[in-house]
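Observations on the model geometry
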Amino acid sequence: MLNGDVFVFDNVVHMYDLSDDNLKRPDNDADRHWHLTIGKQKRPKGQDKAAGITDPYSAFAKRWTSPELGKMLFEDSSTDMAMAQAVVLYDVYKDGFAPVRAQYDFCKAFPERTLFCGGVDPGYPSVAAACEEMERQVKEWGAVSFKFYTGHLEGKSWRADDPKIAYPLFEKARSLGVKVLQFHKGFPITRAKLEDLSPLDLQQAAMDFPDMIFGLHHLALPYFEETVFIAERFPNVHLVLSGTMNLPVVAPWEFKMYLGRILRDIGSDRILWGSECPLLGNPQPVIEWFWNMQIDEELQERYGFPEITETDKRRILGENQAKLFGIDLEKKKRELAAV
């Protein structure tokens, strides 16, 4: 069982809108179908059945509400805090697949437990408009971070190391006091080209903006080797286990290989837990599995992986995220206990 004093701070939850009404055009149903297939594969076994879900596609191809997500996250799991992350994807979804306004509304519904991560895209409609929207999201809605998705279907893919497209966004974030920039990297959740989501563009960006933190999501799978070598060399690159944290549901040994390598070559102080709730289901089974897991002796002997300590687990599950965003853990624990 999870120790009662472990603070769980989920970096990645989304108020999805995967409804028919939000699809930009009819063929985008193929993009949605692929995304929902990923979710079905990685939700804990038996969870859909226990929830009375007989059709995993239609049950998730909808617009989520704050009460639904709040119950799953804060009542049915041991999650203490979460970051609601906007993902705009305007090439597939009219309002984005995790709309900005929906994330903000979720944070308003649970203000003591949530942080708001905004989202913009320089191609929809322009770099200048994206910068203006960033200012609005910070000043009006309190965004403390921004999430970017660089691979698109409409010829509008962009790179994080582009001085004319990306750097104005980073400079705007800096001027607004936002230091954490987050990127979906690796496997696309649409039919966008895989290479447009390579993490290699974060190298120059991390070098040119050493005062900013770059969150690299999903370990950029299948670009895992590239991810490790990037994070090894750039201390302002943090790795987010979103998407991959649910691998134990189907491939626990594979997850231990990834985590063991990161612990060996990078350490545990730049790893963040992210559940992708609700698409990947109630996170509680995965939280408990992670808390109880060990790096097998065979893996330690073969690859030189270290043991995973309680300190490592506490950092990954919440302490690293709290440190990034200036959360006083003891004060927050007392605040939540009084709610």
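Our subject in this report is the structure included herewith. (Residues numbered from 1 in each chain as written. Predicted model: local features only at pLDDT ≥ 70, side-chain atom pairs only at ≥ 80, totals over all residues. Heavy atoms only, no water.)

**Considerations on the layout of surface pockets**
Reported here for the largest pocket is a volume of approximately 310 Å³. Lining the largest pocket we find 15 residues, and of these Ala51, Ile53, Phe60, Trp64 and Met72 sit closest to its centre. Of all the elements in the fold, those that place two or more residues in the lining of the largest pocket are helix H2 (47–50), helix H3 (56–60) and helix H4 (66–75). Residue composition of the lining of the largest pocket, grouped by class: seven nonpolar, three polar and five charged. Lining the second largest pocket are 14 residues, with Gly4, Val6, Ser78, Thr79 and Asp80 sitting closest to its centre. Broken down by class, the residue content of the lining of the second largest pocket amounts to five nonpolar, five polar and four charged. (1 Å grid on protein atoms, 1.4 Å probe; cavity = no way out; pocket = protein on both sides within 12 Å on 5 of 7 lines; lining within 4 Å. Points joined across faces, edges and corners; volume = space filled by probe spheres on them. Helix = DSSP H or I, 4+ residues; strand = E, 2+ residues; numbered from the N terminus. Nonpolar A, V, L, I, M, F, W, Y, C, P; charged D, E, K, R; others polar.)

**Topic: helix H5 (residues 100–109)**
Those residues of H5 not exposed but buried are Val100, Ala102, Gln103, Tyr104, Phe106 and Cys107. The inward-facing, buried residues of H5 contact strand S1 (9–13), H4, strand S2 (81–85), strand S3 (114–119) and helix H6 (127–141). (Buried < 20%, exposed > 50% of the residue type's maximum accessible area, 1.4 Å probe, protein only. Contact = heavy atoms within 4.5 Å.)

**Quick look at the nonpolar core**
Grouped together as the largest cluster of nonpolar side chains are 102 residues, with contacts concentrated most on Phe170 and Phe214. Discounting chain neighbours no more than four positions away, the residues touching Phe170 are Phe148, Ala160, Leu181, Phe183, Ala205, Phe209, Met212 and Phe214. With 17 residues, the next largest nonpolar core counts Val12, Met83, Val240 and Ala322 among its residues. (Core = buried A, V, L, I, M, F, W, Y, C linked by side-chain atoms within 4.5 Å.)

**Notes on the pairing of strand S6 (residues 213–217)**
In regular strands, side chains alternate between the two faces of the sheet. The buried fraction of S6 is high, at five of five residues. By the alternation rule, side chains of S6 split into Ile213, Gly215 and His217 and Phe214 and Leu216, which are all buried. Across four bridges, strand S5 (residues 180–184) lies against S6 in parallel orientation. Looking across to S6, one finds that Leu181 is bridged to Phe214. One crossover worth recording links S5 to the parallel S6 by way of helix H8 (residues 202–208), and it is right-handed. Inspection of the sheet shows S6 paired to strand S7 (residues 237–240) by four bridges, in the parallel sense. Residue pairing across strands places Leu216 opposite Leu239, the latter belonging to S7. Taking the sense of rotation as the criterion, the β-α-β connection linking S6, helix H9 (residues 224–233) and S7 turns out right-handed. (Pairing = 2+ DSSP bridges. Right-handed = clockwise from strand over helix to strand, strands pointing away.)

**Looking at the packing of H5 against H6**
The relative placement of two packed helices is expressed as an angle between their axes plus a distance between the axes. H6 packs onto H5 with a crossing angle of 15 degrees between their chain directions and a minimal axis gap of 12 Å. As the angle between them shows, H5 and H6 are arranged roughly parallel. The hand of the H5/H6 crossing is right-handed. Seen from H5, the contacting residues are Val100, Arg101 and Tyr104; seen from H6, they are Gln137, Glu140 and Trp141. A per-class count over the contact of H5 with H6 returns three nonpolar, one polar and two charged. (Axes fitted to C-alpha atoms, helices over the stretch in contact; angles between N-to-C directions. Parallel < 35°, antiparallel > 145°, perpendicular 65-115°, else oblique. Left-handed = near helix turned anticlockwise from the far one by under 90°.)

**Focus: the side chain of His35**
Relative to the assigned elements, His35 resides in helix H1 (residues 29–42). Aside from chain neighbours lying at most four places away, what touches His35 is Tyr16, Phe97, Ile189 and Leu279.

**Digging into the pairing of strand S4 (residues 145–149)**
Within S4, five of the five residues are buried, which leaves it mostly tucked inside the rest of the structure. Across three bridges, the pairing between S3 and S4 is parallel. Bridging across to S4, Gly119 finds its partner in Lys147. Regarding the hand of the β-α-β motif, the stretch spanning S3, H6 and S4 is right-handed. Both S4 and S5 contribute to a ladder of five bridges, which runs parallel. Opposite Phe146, over in S5, you have Leu181 as the bridge partner. Following the chain from S4 across helix H7 (residues 167–175) to the adjacent parallel S5, one finds a crossover that is right-handed.

**Focus: empty space enclosed by the protein**
The tally for this structure, following the rule as stated, stands at one cavity of 30 Å³ or more. There is about 150 Å³ of room inside the largest cavity. Taken together, 17 residues form the lining of the largest cavity, with His35, Phe187, Ile189, His218 and Glu276 sitting closest to its centre. Contributing elements (two or more residues each) for the lining of the largest cavity: H1 and S4. Sorting elements by how many residues they give to the lining of the largest cavity places H1 first, with three residues.

Read these as spatial facts, not as claims about activity.
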